[in-house]
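Chain and residue survey
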Amino acid sequence: MEKSRTSAAELLLDLDGGGPLTGRLERALREAVRDRRLPASTVLPSTRALARELGVSRGVVGAAYAQLGAEGYLVVRQGAAVRVAEVERALTPRPESRPEPIPRYNLRPDLADYASFPRREWLASLRTVLARSGDEVFGYGDARGAAQLRGSLAAYLGRTRGVVTEPERTFVTVGFAHGVGAVCRVLVARGARRIGVEDPGHLSVRRIVAASGLELVPIPVDDGGLVVGELAAADPDAVLATPAHHFPTTAVLAADRRAALLDWAEARGALVLEDDVDAEFRYDRAPVGSLQGLAPERVVYLGSTSRTLAPALRLGWAVVPSWLVEELAADVRGTIIAPPALDQLALADFVERGELDRHVRRM
């Protein structure tokens, strides 16, 4: 037999306690209105539907509705649905809260210009994915990321940033934070205890790295970028650096220091985590290729769409040395954290159609 349906909201009511059933129903409804579990204008089920749901007679519900209508909690009219009335003065006082003001201009140097997000082009990619993909795209997918996007990213990063990789060494992450956190956890599992971080540096990134259990070792930054001599003296197990565009000084790691940093990593057996999040943007200098391209087995390359497109996409990537692939894959599978599959495929289409290149040039 087909179940009857109602367009009104389902109600969770507690009818326990003593006294007549009608009184208990009145009390439960009255408290739900006072506590704002039933906001003003909420449509209640018909007497027949609620009676069936609660296992009581229709007359019990009708009497409760009539009493609460008389008290002003409900609006009960002949031939119309029963609704919750505006009864603000009878409600429990609500603590005052003021909404955060929306800034007129976004002047933060570490955020994208949200108004410039390419909505039409992104929508076109989403439509293409939905129209052309098979039913399997609605499954869980590969925890390392969609194969199509990993291939697109490998080609794009090699072309624009000089990254040396292939899809098997490229991971799609839930933004930069996911990628750097996962790599740091793998380092801890391998026995690493200390990691060098640029001083000054981004506080949010420091918190993410510290959450992995690694001890942060501040390494000074000057006009030539990370001071590699200080890094060698501190002797950490790894270092997180921004060679192409340091935040907040905007310094670029000098050529001699790039070579010295890689020499240190090779001699020490250490890993360099290259934060290349917004290296696409430059205003006063020629493009600087990635550090990873010079030493693919000693550098983890990390990036995301957060500053080029928008943080809301939650899409990033990590390109790792061959000896780290299996351990990072195990960490990602263990956490069961993966970006939305449809957005991954949309980004792959977006990149392959050249839309990301065009957007970066506009920005």
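As shown above, the structure is provided for reference.
The present account deals with the structure reproduced in this document. (Residues numbered from 1 in each chain as written. Predicted model: local features only at pLDDT ≥ 70, side-chain atom pairs only at ≥ 80, totals over all residues. Heavy atoms only, no water.)

**Comments concerning the overall build of the chain**
Regarding its fold elements, the chain presents twelve helices and ten strands. In terms of overall dimensions, the chain has a C-alpha envelope of 85 × 45 × 45 Å along the principal axes. Per-residue burial for the chain yields a buried fraction of 45% across its 363 residues. Looking at the chain alone, contacts between residues at least 24 apart form 71% of all its contacts between residues at least 6 apart. Carbon and sulfur atoms make up 53% of the accessible area of the chain, which totals about 19300 Å². The chain carries 46 positive and 47 negative side-chain charges, and their two centres are separated by 8 Å. (Helix = DSSP H or I, 4+ residues; strand = E, 2+ residues; numbered from the N terminus. Buried < 20%, exposed > 50% of the residue type's maximum accessible area, 1.4 Å probe, protein only. Contact = heavy atoms within 4.5 Å. Areas by Shrake-Rupley, 256 points an atom, 1.4 Å probe, with all protein chains shown as cover. Lys, Arg positive; Asp, Glu negative; His and termini not counted. Charge placed at Lys NZ, Arg CZ, Asp CG, Glu CD.)

**Details of the environment of Gly19**
Tracing the chain through its elements places Gly19 in the segment before α1 (21-34). Separated by 304 residues in the primary sequence, Gly19 and Trp323 place their C-alpha atoms 72 Å from one another.

**Overview of empty space enclosed by the protein**
Under the defined criterion, the tally for this structure stands at one cavity of 30 Å³ or more. Quantified by volume, the largest cavity comes out at close to 60 Å³. Counted by class, the lining of the largest cavity contains six nonpolar, one polar and two charged residues. (1 Å grid on protein atoms, 1.4 Å probe; cavity = no way out; pocket = protein on both sides within 12 Å on 5 of 7 lines; lining within 4 Å. Points joined across faces, edges and corners; volume = space filled by probe spheres on them. Nonpolar A, V, L, I, M, F, W, Y, C, P; charged D, E, K, R; others polar.)

**Remarks on the pattern of salt bridges**
For the structure shown, the criterion picks out 21 salt bridges. Its salt-bridge partner being Glu26, residue Arg30 comes within 3.9 Å of it at the nearest N-O pair. Taken together, the residues span about one helical turn, with Arg30 and Glu26 both in helix α1 at a distance of four residues. Glu26 matches Arg30 in its accessibility class, with the two residues each being buried. Between Arg37 and Asp35 there is a salt bridge, with its nearest N and O atoms 3.9 Å apart. Linked by salt bridges that have partners in common, Asp349, Arg353, Glu355 and Arg358 make up one network. (Salt bridge = Lys/Arg side-chain N within 4 Å of Asp/Glu carboxyl O.)

**Focus: the packing of helix α6 (residues 175-189) against helix α7 (residues 203-211)**
For the pair α6 and α7, interaxial distance at closest approach is 8 Å and the crossing angle is 35 degrees. The handedness of the crossing between α6 and α7 is right-handed. Facing α6, whose interface residues are Phe176, Ala177, Val180, Gly181 and Cys184, α7 presents Val205, Ile208 and Val209. The class makeup of the residues in the contact of α6 with α7 is seven nonpolar, one polar and no charged. (Axes fitted to C-alpha atoms, helices over the stretch in contact; angles between N-to-C directions. Left-handed = near helix turned anticlockwise from the far one by under 90°.)

**What to know about the layout of surface pockets**
The space that makes up the largest pocket amounts to roughly 490 Å³. If you go around the largest pocket, you meet 29 residues; those closest to its centre are Phe176, His202, Val205, Asp275 and Arg307. At the level of elements, α6, β4 (194-199) and α7 are the ones that each hand at least two residues to the lining of the largest pocket. Tallying contributions element by element places α7 first for the lining of the largest pocket, with four residues. Partitioning the lining of the largest pocket into residue classes produces twelve nonpolar, eight polar and nine charged. Put simply, the second largest pocket is a space of about 410 Å³. In terms of lining, the second largest pocket is formed by 22 residues, of which the most central are Pro109, His245, Asp278, Phe281 and Tyr283. Per-class residue counts for the lining of the second largest pocket are nine nonpolar, five polar and eight charged.

**Considering the packing of aromatic side chains**
Counted by the stated rule, this structure contains two aromatic pairs. Considering the side-chain rings of Phe117 and Trp122, the 6.2 Å spacing of their centres and the 65 degrees angle between planes classify their relative orientation as edge-to-face. Like Phe117, the residue Trp122 is buried in the burial classification. A connected cluster of aromatic rings, assembled from ring pairs, spans Phe117, Trp122 and Phe350. Sitting over the face of the ring of Phe247, Arg307 holds its NZ or CZ atom 5.9 Å from the ring centroid. (Phe/Tyr/Trp six-rings, centres within 6.5 Å; stacked < 30°, edge-to-face > 60°. Lys NZ or Arg CZ within 6 Å of the ring centre and 35° of its normal.)

**Let's talk about the pairing of strand β7 (residues 238-241)**
Within a regular strand, side chains alternate between the sheet's two faces. Here β7 shows a buried face lined by Ala238 and Leu240 and a second buried face lined by Val239 and Ala241. Direction of pairing for β4 relative to β7: parallel, over a ladder of three bridges. Counterpart to Val197 in the pairing with β7 is Leu240. Summarising the sheet, β7 and strand β8 (residues 271-275) pair through four bridges and their orientation is parallel. If you follow Ala238 over to β8, its bridge partner there is Leu271. (Pairing = 2+ DSSP bridges.)

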